[in-house]
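# Structural characterization, general
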Amino acid sequence: MRVVVAPDSFKGTWPAERAAAAIARGWRSVRRDDAVVEIPQADGGEGTLAGVRHARPEAELRGAGAVTGPAGTPVPGAWLDLGDGTALCELAIVAGMHLMPGLDALRATSRGLGEVMAHALDAGATRVIVALGGSASTDGGLPVLEALGDRRPPPGGATVLCDVRAPLLGPGGAAAVFAPQKGASPLEAVALEERLAAVAARLGADPSVPGAGAAGGVGYALLAWGATLVEGAPAMARLTGLEDAAHDADLVITGEGRFDAQSSMGKVTGHALESFPRVAVVAGEVAVDPGVWSASLAALAGSRDAAINAPDRWLEAAGRAAAQAWEDHGPSAFVRPG
């Protein structure tokens, strides 16, 4: 039997690579003769660059020197050279919320991403892939464009991996939905909506394009720059080889920190459930039924806090439980009805 273990990160607890390793250990402890392959995933947000490096060890990490962090102080910049002229840049590495000393939705900047992209283009990249997600800012991406200056998309084009389908403006947009998660008060969210509307008036691209609201509007700015916006999870599956590996596998085990109604909206687990014939879901918490066998780490551990305090232990336990479910029930437990 061939099993592919391909979770997203368990945000705030465990990176995707370590989650995949723990789940795989648990499975192997029950079914030692199975071929188990670990292909950690991301949806275009935090962990995208690490996941591609894991899947493509020939790729070279290139330093970009000190760039502007989200709080305005310098942070190390880096991008991944895929070896074919493609540069992979990840926003979360240089402008993520985890880099803020305290959340500040009004002042946080996305400029560092533009500085890293500029470094990659100046180094000769002929294609750029930009992973958005996990941003601290809601600045509409203007600082990214300012850092890029007069550089245009390279000959091979620019592709933006979006972790959300949100438009730029409106009740489902960057300010209304995501700014509060970045520390914005209700009044600040209104001010940020006005800021984004001004960006839209200035740049002139269509603010209703899905993904335009990604990373506080950086998706919109890069759309106006000439990039193409795509859903991150399917693109990541292609970049890491998951798409090919899954079709040769008997089972794909995926996962994330919380499986809920949002999981079907461009997330790693939702993509796996839509795309692969037999899937197991492992999540920190399972808020809605995924329609296939699933394991909640909080349930296995007895509480959410217990699961967070020992994620490795409970991820391994989930892997064991998945293997035992296959032993007891066979593949039917891992197929969505209909």
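Above this text is the structure in question.
Since the structure is predicted, the reported quantities are computational estimates derived from the model, not experimental observations. (Residues numbered from 1 in each chain as written. Predicted model: local features only at pLDDT ≥ 70, side-chain atom pairs only at ≥ 80, totals over all residues. Heavy atoms only, no water.)

### Regarding the overall build of the protein
Regarding its fold elements, the protein presents 14 helices and 11 strands. Radius of gyration (C-alpha) of the protein: 20 Å, near the 20 Å computed for a compact globule of 338 residues. For the C-alpha atoms alone, the extent of the protein along its principal axes is close to 60 × 45 × 40 Å. Relative to its 338 residues, the protein shows a buried fraction of 54%. Residue pairs in contact within the protein that sit at least 24 positions apart in sequence constitute 73% of those at least 6 positions apart. (Helix = DSSP H or I, 4+ residues; strand = E, 2+ residues; numbered from the N terminus. Rg over C-alpha atoms; globule rule 2.2 N^0.38 Å. Buried < 20%, exposed > 50% of the residue type's maximum accessible area, 1.4 Å probe, protein only. Contact = heavy atoms within 4.5 Å.)

### What about the sheet that holds strand β8 (residues 228-231)?
With mixed pairing, six strands are arranged side by side in an open sheet as β3-β4-β5-β6-β7-β8. Only two strands of the sheet have a single partner each, and these edge strands are β3 (60-68) and β8. Adjacent strand axes in the sheet meet at a mean angle of 25 degrees, parallel and antiparallel pairs treated alike. Against the sheet, helix α2 (residues 48-55) makes contact with β3, β4 (74-81), β5 (86-90), β6 (127-131) and β7 (158-162), and its axis sits at roughly 140 degrees relative to β5, the strand it touches most. Helix-sheet contacts for helix α4 (residues 111-122) involve β3, β4, β5 and β6, and the interaxial angle to β3 is about 135 degrees. (Pairing = 2+ DSSP bridges. Axes fitted to C-alpha atoms, helices over the stretch in contact; angles between N-to-C directions.)

### Some words on the packing of helix α7 (residues 186-203) against helix α8 (residues 218-225)
Contact geometry for α7 and α8: axes closest at 11 Å, N-to-C directions at 5 degrees. Relative to α8, the element α7 is oriented roughly parallel. Facing α7, whose interface residues are Val199, Ala200 and Leu203, α8 presents Tyr220, Ala221 and Ala224. A breakdown of the residues in the contact of α7 with α8 according to their chemical character gives six nonpolar, no polar and no charged. (Parallel < 35°, antiparallel > 145°, perpendicular 65-115°, else oblique. Nonpolar A, V, L, I, M, F, W, Y, C, P; charged D, E, K, R; others polar.)

### What about the packing of aromatic side chains?
Counted according to the given criterion, the structure contains two aromatic pairs. Seen in terms of ring centroids, Trp293 and Phe334 are 6.0 Å apart; in terms of plane orientation they differ by 40 degrees. Their pairing is tilted. Pair noted here: Trp293 is in the loop between β10 (279-286) and β11 (294-296) and Phe334 is in the segment after α14 (311-329), with a separation of 41 residues, a long-range link. What makes Trp293 buried here is its relative accessible area of 17%. Ring centres 5.4 Å apart and planes at 35 degrees place the aromatic pair Trp326 and Phe334 in the tilted group. Both residues of the pair, Trp326 and Phe334, count as buried. (Phe/Tyr/Trp six-rings, centres within 6.5 Å; stacked < 30°, edge-to-face > 60°.)

### A look at the nonpolar core
By size, the foremost hydrophobic cluster in this structure holds 50 residues, and its most contacted members are Leu113, Met117, Leu132, Leu148, Leu222 and Trp225. In this structure Leu113 touches Cys89, Glu90, Leu91, Val94, Val130, Leu132, Val144 and Val218, once residues within four positions along its chain are discounted. Core analysis: the next-biggest nonpolar cluster, separate from the first, contains 29 residues, Val5, Ala307, Ala318 and Trp326 among them. (Core = buried A, V, L, I, M, F, W, Y, C linked by side-chain atoms within 4.5 Å.)

### Some words on the environment of Val67
One can find Val67 in strand β3. Residues Val67 and Phe259, spaced 192 residues apart in sequence, show a C-alpha to C-alpha distance of 35 Å. Leaving out residues up to four positions away in the same chain, Val67 has contacts with Thr73, Pro74, Val75, Pro76, Gly77, Val94, Gly112, Glu115 and Val116.

### What about unusual backbone geometry?
Although it is not a glycine, Ala215 sits at a positive phi angle of roughly 55 degrees. Topologically, Ala215 is positioned in the loop between α7 and α8. Ala215 sits in the buried class, given a relative accessible area of 7%.

### Focus: the pattern of salt bridges
Going through the model one piece at a time under the given rule, you end up with 16 salt bridges. Its salt-bridge partner being Glu285, residue Arg304 comes within 3.5 Å of it at the nearest N-O pair. With Arg304 in helix α13 (residues 304-309) and Glu285 in strand β10, the pair connects residues that are 19 residues apart, well separated along the chain. The partly exposed category is assigned to Arg304, whose relative accessible area is 47%. (Salt bridge = Lys/Arg side-chain N within 4 Å of Asp/Glu carboxyl O.)

### Topic: the side chain of Asp34
With respect to the element layout, Asp34 can be found in the loop between α1 (16-30) and β2 (35-38). Here Asp34 falls in the buried class, since its relative accessible area comes to 11%. Side chain to side chain, Asp34 and Trp27 meet in a polar contact 2.9 Å long. Reaching out from Asp34, the side chain makes a polar contact with the side chain of Arg31 at a distance of 2.5 Å. (Polar contact = N/O pair within 3.5 Å; in protein donor to acceptor, adjacent residues only side chain to side chain.)

### Brief notes about the sheet that holds strand β1 (residues 2-5)
Taken together, five strands build an open sheet; the order of strands is β2-β1-β9-β10-β11 and the sheet is parallel. Only two strands of the sheet have a single partner each, and these edge strands are β2 and β11. With direction set aside, neighbouring strand axes in the sheet form an average angle of 20 degrees. Alignment of β1 against β2, held across four bridges, turns out to be parallel. Across the sheet, the residue bridging to Val5 is Glu38, located in β2. The strands touched by α1 are β1, β2, β9 (251-259) and β10; relative to β2, the strand with the most contacts, the crossing angle is about 170 degrees.

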